[in-house]
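Next come the chains, spelled out residue by residue.
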Amino acid sequence: MRKLYKASLSVFLRSKNLSLPYFVLLASIVAYFGFCLINYLQYRDIFSVDIFSNATLWVRPCIFVIAFFIYCGYELAVGMYDNNMAEYLKTYQQGLLKAYAAIILCLLTIVAIPSIMFFSFILFMYYYFDVQYYLPFLLHLMKLSILYFGLSFLIGIMLGTAMAAKLKTKRLAVYSLTVIFMLLNTTFTDVPFRMPYLLFNSYLTERMLYYFKHFLTVVPQQLGSHSAIYPLYGFPMEPIRWILAGFWVLFPLTLILTECFNRKTKKALIATGCLIVLLGVGLFSVRGSTLLMDMRVDSFAFADPIYYMDRPREDYSKYEAGFMIEEYEMDLTISNELHAEVEVTIDDHDLDSYDFTLYHGYILTSVRTEDGEIPFTREGDYIRVGRLNGADRLIFKYYGKSPKYYANRQAIALPGYFAYYPKAGRLKIWDQDRYGYVINTSPNESKYSVNVRSNLKVFCNLPGSNNSFRGKSNGVSLFAGMYDEVAENIYAEPMRRNLPKREYIREAEEILTDLFSRLERKKPVVLTDKQFFQVPGSFALNSNTEDVVVMSDHITATCCNNGPQLAEITMRSILKPKSVHCLSFMTDYVKYLFSRQDETEPLFQSAVDLNLLLKEIDELRFLAEKYSDMNREKYLNMNAQERKALYTHERRKSDLDTIVNEKAAKYLFYESPRKEENLRIFFDYFTSESQGDYLELVENIIREELEDDRG
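Residue indices follow the written sequence of each chain, beginning from 1 at its first position. Thresholds applied to this predicted model are a pLDDT of at least 70 for local features of residues and 80 or more for the giving and counting of side-chain atom pairs; totals over whole chains, interfaces and linings are not thresholded and use all residues. As a rule here, side-chain values come from all non-hydrogen atoms in the structure, and water together with hydrogens is ignored.

A. Focus on the sheet that holds strand 14 (residues 459-460). Here, strands pair whenever DSSP counts at least two bridges between them. Secondary structure counts use DSSP, requiring at least four H or I residues in a row for a helix and at least two E residues in a row for a strand, with both numbered from the N terminus. One open sheet holds the three strands; their spatial order is 9-17-14, and the pairing between them is antiparallel. Of all strands in the sheet, those with a lone pairing partner are strand 9 (412-414) and strand 14, marking the two edges.

Below, the structure is given as structure tokens:
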């Protein structure tokens, strides 16, 4: 065996087609490490959000290295068939088996060198970065090295060797499969995989294509991905990634072994291979909560917006539950997803029915009282149960996941305003007009008793230890992963730069106090006496409502780099835009409120022509009304000329929308002699329940000012 190993190594080193590219690869890896280091040194101020922005560079060339080892594995093993050695080796007892074992050992030796290089470079960068030597981050990097640079390279040689065993000298087929494998491990598929939806409106086909791709993806942070790695979650390394890595090592191995044995043993190996496939697919199908960061409709960025877009809109603004929840007892088990048993105590036992809100991704298995199970109906996010027959406690048992608010063995991000546990009444989860999640906190503070079974250390806004928490609040937030208490009552990912500080919060409090005094309004939130939880930046990626959420005892915020920034995003969380169109105007309002306007912009080179602005408002209204009843059926019935007119109309409307918002905001909050009064008027508008058109309010104020000027 030792001779065979030495012979295989000798063949590899003597073969110019193998050894020369291999040494070029090693040199390229060293050069790439230099590039990553220089990139970090040169742009560290630009990529200063978190060190993962730089770290994503480390894994991007992985698929090329894997493809190279597929090539090495194939070309080294196929030599036996090129030279008709396989039949000769079969004449010896286990001759072919020993030959394959020697080849695989030789390839393992070859793979070990770049794997160790990647591991050493990552350790170097860990000590180079200022991460306060945070131990969980070091463990995360070590696991990253094993999965991304150890097992994935091993998968390359196993796939190459297996293709040599099965496809023999059919190089065209081998290299075609390698190219397909590479493309499936990149974002190249984003365009062709969108075609079923774009052409046939078929979400199902797209979903199935991405499932197939996901199963074949060896490098989870694939080449071409622009998705950021968020420090709390880190690189995707959920249990399913390790299971799939094991699958892509074991399945090719069984294929190789089937070539080394005859009859009964071969049949047993084929059966084993089928069992591995069934096991791999089965475990993949129950992989649970994973953070999908690509273009698929199931990804965290698109899943909920698309789900709620396809559902009828219902107005629950005037809905009243008729009862309150006084106490929660929550028993949560977080494995590959959330499993929960939640007992609620309600204050009114005599209603005919009770409505609760629980996110639709959680599958409700039973609702019971102390006397046994009771019937319930489930419609999307809503649960209805009938009379309780004197009982005052309900026990909900459910399991499931959310594409955005994940809970698995790698990390937990469950904010208290999200319905991951039953909340009283019918509450909206998603607001299409604001394009964001609705902040659902209880109107009253409830008593909570929360026990979390998890392999992670969980951080909660309630007091407690060892993943058990008790206290009163209007919402329970749970976070875990690469997360810690970075200052007293301030929780964040320790690796992020510009960590939140208590003085930032105090500064924001002072700014808001002064601002509300200027607006002559009572300040609705207090920041300084609350715990502060910095949430992943992904919370703001697909939602306009979660930059800052202030609850009765804690705050969640995507960032807190300084006091003015925190004050501004807090103000945004207080204001409520009435529509998507109103959102950009509200953004301009905040800009002037905090005096952040850039007076060098062309807009500030001349005063706003109010008469022209009124005409543009009229034109915008006309354009908005003209195609207000447009739908898919009407669009499909249009001829080419009508569609061209529609596109022209939409472009003009979009341009006009920007122009009107910018001009109106500049005049009302910058040029107008009544700008302070206008700021107060629109503050009241944005914080009221009014559904009136903001353009009508803009127009009325301008006309009134024009009338006064003429008078």
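B. The environment of Asn562, seen in detail. With respect to the helices, strands and loops of the structure, Asn562 is situated in the loop between strand 22 (554-557) and helix 15 (563-574). Taking the C-alpha atoms as reference points, Asn562 and Asn185, separated by 377 residues in sequence, lie 39 Å from one another.

C. Main features of helix 20 (residues 675-687). Here a helix's expected span is defined as the number of its residues, less one, multiplied by 1.5 Å. Between its first and last C-alpha, helix 20 extends 18 Å over 13 residues, near the 18 Å set by a 1.5 Å rise per residue. Every buried residue belonging to helix 20 is among Asn678, Leu679, Arg680, Phe682, Phe683, Tyr685 and Phe686, and all of these are buried. Here the term buried applies to any residue with accessible area under 20% of the maximum for its type, exposed to any over 50%, and partly exposed to those in between, with areas from a 1.4 Å probe on protein chains only.

D. Just the pairing of strand 13 (residues 446-453), in detail. By the bridge criterion, seven bridges tie strand 1 (residues 325-334) to strand 13 in an arrangement that is parallel. Bridging from a neighbouring strand, Leu332 pairs with Val452 of strand 13. Pairing between strand 13 and strand 16 (residues 468-473): six bridges, direction antiparallel. Each bridged residue has a counterpart across the sheet, and for Asn451 the counterpart in strand 16 is Ser468.

E. Looking closely at the packing of helix 9 (residues 190-200) against helix 10 (residues 203-216). Running from N to C, helix 9 and helix 10 point in directions that differ by 150°, and their axes come no closer than 6 Å. The orientation of helix 9 with respect to helix 10, classified from their angle, is roughly antiparallel. Like other packed secondary-structure pairs, helix 9 and helix 10 cross with a definite hand, here right-handed. Contacts between helix 9 and helix 10 involve Asp190, Phe193, Arg194, Pro196 and Tyr197 from the first element and Tyr203, Thr205, Glu206, Leu209, Tyr210 and Lys213 from the second. Each residue belonging to the contact of helix 9 with helix 10 can be placed in one class, and the counts come to six nonpolar, one polar and four charged. Every angle, taken between N-to-C directions, lies between 0 and 180 degrees, and every axis is a line fitted to C-alpha atoms, over only the stretch in contact when it is a helix. Roughly parallel means an angle under 35 degrees; roughly antiparallel means over 145; roughly perpendicular covers 65 to 115; every other angle is labelled oblique. What makes a crossing left-handed is the near helix being turned counterclockwise from the far one by less than a right angle; a clockwise turn instead makes it right-handed. Contact definition: two residues touch when any of their heavy atoms are within 4.5 Å. For this scheme, ten residues count as nonpolar: Ala, Val, Leu, Ile, Met, Phe, Trp, Tyr, Cys and Pro. Four count as charged, namely Asp, Glu, Lys and Arg, and the remainder, Gly too, count as polar.

F. Geometry of the packing of aromatic side chains. The aromatic pairing rule takes the rings of Phe, Tyr and Trp, using the six-membered ring of Trp, and pairs them if the centres are within 6.5 Å, calling planes under 30 degrees apart stacked, those over 60 edge-to-face and the rest tilted. Within the structure shown, the criterion is met by 58 aromatic pairs. Note on Tyr421 and Tyr448: the rings are 6.0 Å apart at their centroids and 80° apart in plane angle, and the pair reads as edge-to-face. One end of the pair, Tyr421, is in the loop between strand 9 and strand 10 (423-424); the other, Tyr448, is in strand 13, with 27 residues separating them in the sequence. The pair Tyr421 / Tyr448 is uniform in exposure class, with both members buried. Remark: a charge is flagged as sitting over a ring if the NZ atom of Lys or the CZ atom of Arg is within 6 Å of the ring centre and within 35 degrees of the ring normal. The positively charged end of Arg287 is found above the aromatic ring belonging to Phe284, 4.2 Å away from the centroid.

G. Up close: unusual backbone geometry. Unusually for a residue other than glycine, Asn489 sits at a positive phi of about 60°. When you line up the elements, Asn489 lands in the loop between strand 18 (484-487) and strand 19 (490-492). For Asn489, a relative accessible area of 30% puts it in the partly exposed group. Of note in this structure, Ser595 is not a glycine but carries a positive phi near 55°. Turning to its location among the elements, Ser595 is positioned in the loop between helix 16 (580-593) and helix 17 (610-626). Ser595 sits in the exposed class, given a relative accessible area of 51%.

H. Structural detail: the pattern of salt bridges. Think of a salt bridge as a Lys or Arg side-chain nitrogen and an Asp or Glu carboxyl oxygen that are within 4 Å of each other. Tallied over the entire structure, the rule returns 29 salt bridges. In this structure, Arg572 engages Glu568 in a salt bridge whose closest nitrogen and oxygen atoms are separated by 3.2 Å. Taken together, the positions of Arg572 and Glu568, both in helix 15 and four residues apart, correspond to about one turn of that helix. A relative accessible area of 9% means that Glu568 is categorised as buried.

I. Quick look at the sheet that holds strand 13. With respect to topology, eight strands assemble into an open sheet ordered 5-4-8-2-1-13-16-15, the strand pairing being mixed. In this open sheet, the two strands that pair with only one neighbour each are strand 5 (372-373) and strand 15 (464-465). Both strand 2 (residues 338-346) and strand 8 (residues 393-400) contribute to a ladder of eight bridges, which runs antiparallel. Bridge pairing in strand 8 links Glu343 to Ile395.

J. Representation of the side chain of Thr258 within the structure. Tracing the chain through its elements places Thr258 in helix 11 (residues 239-258). Assessed through its relative accessible area of 4%, Thr258 is described here as buried. Within 3.5 Å is the distance limit for a polar contact, defined as a pair of N or O atoms, with the added protein rule that one can donate a hydrogen and the other accept it, and that residues adjacent in sequence qualify only through two side-chain atoms. At 3.0 Å, the side chain of Thr258 and the side chain of Lys166 are in polar contact. Those residues in contact with Thr258 that lie beyond four places of it in its chain are Lys166, Lys266, Leu269 and Ile270.

K. Here's a closer look at the packing of helix 10 against helix 11. Where helix 10 contacts helix 11, the two axes come as close as 9 Å, and the packing angle between them is 70°. Judged on the interaxial angle alone, helix 11 and helix 10 are roughly perpendicular. Counting all contacts with helix 10, which are made through His214, Phe215 and Leu216, the residues of helix 11 involved are Arg241, Leu244, Phe247 and Trp248. Across the contact of helix 10 with helix 11, the residue classes break down as five nonpolar, one polar and one charged.

L. Molecular detail of helix 7 (residues 135-167). Here helix 7 spans 46 Å end to end across 33 residues, near enough to the 48 Å set by a 1.5 Å rise per residue. Note that bend, as reported per residue, equals the angle between axes fitted to the 7 residues terminating at that residue and the 7 residues originating from it. The largest bend in helix 7 is about 25°, located at Leu151. Positive backbone phi, at 55°, marks Lys168, one or two positions downstream of helix 7.

M. A negative patch on the surface, seen in detail. The patches reported here contain residues having more than 30% relative accessible area and no salt bridge. Joining distances are 9 Å for like charges and 5 Å for nonpolar side chains (Val, Leu, Ile, Met, Phe, Trp, Tyr). Residue exposure ignores everything except the shown protein chains as possible cover, and the areas themselves are Shrake-Rupley values with a 1.4 Å probe. For this count, His and the chain ends are skipped, Lys and Arg are scored as positive, and Asp and Glu as negative. Charge coordinates come from a single atom per side chain, which is NZ of Lys, CZ of Arg, CG of Asp or CD of Glu. Taken together, the side chains of Asp598, Glu599, Glu601 and Glu662 present a region of like negative charge at the surface. Turning to its location among the elements, Glu662 is positioned in helix 19 (residues 640-671). According to the relative accessible area criterion, Glu662 is partly exposed, its value standing at 35%.

N. Up close: a nonpolar patch on the surface. Nonpolar side chains collect at one region of the surface, where Met1, Leu4, Leu105 and Leu108 lie side by side and expose about 310 Å² of accessible area between them. As for its placement among the helices and strands, Leu105 is situated in helix 6 (residues 95-128).

O. Structural view of the side chain of His214. Mapping His214 onto the fold places it in helix 10. Apart from the residues lying within four places of it in its own chain, the contact partners of His214 are Arg241, Leu244, Phe284, Arg287, Leu292 and Arg296.

P. The state of the cysteines, seen in detail. Note on disulfides: each one is a pair of cysteine sulfur atoms within 2.5 Å. In this structure the tally under the stated criterion is zero disulfides. Cys62 takes part in no disulfide bond, and the closest cysteine sulfur to it belongs to Cys36, at a distance of 11 Å. According to the relative accessible area criterion, Cys62 is buried, its value standing at 0%. Looking at the unpaired Cys106, the closest cysteine sulfur is the one in Cys72, lying at 9.3 Å. Residue classification places Cys106 among the buried residues on the basis of a relative accessible area of 0%.

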